[in-house]
Amino acid sequence: MKPRHVALCFLFRTTEAGSEVLLGLKKSGFGAGRIVTLGGGVEPGETAAQAAVREVAEESGVVVDVVNLTQLGRVRWRFPSQPAADMDAEIFTAVEWSGTPEPTAEVEPAWYPVNDLPWEGMWEDAQHWLGSVIDGTTLDVLVTLNQDNETVSSAVFA
């Protein structure tokens with residue numbers, strides 16, 4: 001089975017307190033109960049960048065223009081005990097958008113200081129690669145989960 005193609009988009013802003021990233025508490029679907037970034041599946045006929053823009057709007061009401069996206073690379077997740085959950089994600093960031101993040105049926109968005117992320121509420125694998133996103137560093141990482149589909153067996157950077 002081919003991994004699901006997804007697009008993730010990290011929005012950043014600078015406040016008097018410092019740099020912040022928009023994440024959200026996932027209310028439904030895959031990852032419910034965890035703090036995640038905005039994003040989701042790439043639909044037929046759309047590019048990953050278009051999917052990132054659509055998903056940000058659907059999950060937070062924020063409008064991002066494709067020209068304001070920076071593509072950082074990819075993260076690939078493999079779930080050996082549940083291959084149907086495998087995903088290949090294209091990672092984007094943006095510092096320009098319009099609107100104010102609002103809760104939706106799927107996500108409760110919130111701003112977090114980049115130097116104080118809510119690791120305890122996130123997927124464990126984020127600790128391996130999210131620092132590259134925060135730093136704006138290109139990344140290509142393969143994350144393999146353990147049989148519990150939650151903890152990390154390995155995170156290999158290409």
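Before reading on, note that the structure itself is shown above.
Here the residue numbers are simple positions, counted from 1 along each chain's written sequence. Reporting in this predicted model follows two pLDDT cut-offs: at least 70 for local features of residues, and 80 or more for side-chain atom pairs to be given and counted; totals over whole chains, interfaces and linings ignore these cut-offs and use all residues. As a rule here, side-chain values cover all heavy atoms of the structure and leave hydrogens and water aside.

A. Representation of unusual backbone geometry in the model. You will see that Asn149, though not glycine, has its phi angle at about 60 degrees, which is positive. For helices the rule is a DSSP run of H or I covering at least 4 residues; for strands it is a run of E covering at least 2, with both sets numbered from the N terminus onward. As for its position among the elements, Asn149 is in the loop between β8 (139-145) and β9 (152-157). Between buried and exposed lies partly exposed: a residue is buried under 20% and exposed over 50% of the maximum accessible area for its type, with that area taken using a 1.4 Å probe on protein chains only. Relative accessible area serves as the criterion here: at 15%, Asn149 is assigned to the buried category.

B. Structural detail: the environment of Val6. Mapped onto the fold, Val6 is located in strand β1 (residues 4-15). Taking the C-alpha atoms as reference points, Val6 and Ala49, separated by 43 residues in sequence, lie 10.0 Å from one another. In this description, contact between two residues means that some pair of their heavy atoms is separated by no more than 4.5 Å. Val6 has contacts with Gly40, Gly41, Val42, Met87, Asp88, Ala89 and Glu90, leaving out every residue within four places of it along the chain.

C. Highlighting the packing of aromatic side chains. Pairing of aromatic rings covers Phe, Tyr and Trp, the last counted by its six-membered ring, and requires centre-to-centre distances within 6.5 Å; plane angles under 30 degrees mean stacked, over 60 mean edge-to-face, and any other angle means tilted. One pass over the structure, following the stated rule, counts five aromatic pairs. For the ring pair Phe10 and Trp129, a centre distance of 6.2 Å and an interplane angle of 75 degrees mean the geometry is edge-to-face. Of this pair, Phe10 sits in strand β1 while Trp129 sits in helix α2 (residues 126-135), and the two are 119 residues apart along the sequence. On the basis of an interplanar angle of 15 degrees and a centroid distance of 5.5 Å, the ring pair of Phe30 and Trp123 is categorised as stacked. Of this pair, Phe30 sits in the loop between β2 (18-26) and β3 (35-36) while Trp123 sits in the loop between β7 (107-113) and α2, and the two are 93 residues apart along the sequence. Here the aromatic residues Phe10, Trp77 and Trp129 are joined through ring pairs into a cluster of three or more. The residue whose ring lies beneath Arg34 is Trp123, and the NZ or CZ to ring-centre distance is 3.9 Å. We count a charge as sitting over a ring when the NZ of a lysine or the CZ of an arginine lies within 6 Å of the ring centre and within 35 degrees of the ring normal.

D. Here's a closer look at the pattern of salt bridges. When a carboxyl oxygen of Asp or Glu is within 4 Å of a side-chain nitrogen of Lys or Arg, the pair counts as a salt bridge. Under the counting rule described, the total for this entry stands at eleven salt bridges. One salt bridge in this structure joins Lys26 and Glu106, with 2.4 Å as the shortest N-O distance. Taken together, the residues span a long stretch of sequence, with Lys26 in strand β2 and Glu106 in the loop between β6 (87-94) and β7 at a distance of 80 residues. Look at Glu106 and you get partly exposed, because its relative accessible area is 27%. Between Asp140 and Arg74 there is a salt bridge, and its shortest N-O distance comes to 3.0 Å. Here Arg74 lies in strand β5 (residues 70-78) and Asp140 lies in strand β8, a separation of 66 residues in the sequence. Its relative accessible area of 22% is what places Asp140 among the partly exposed residues.

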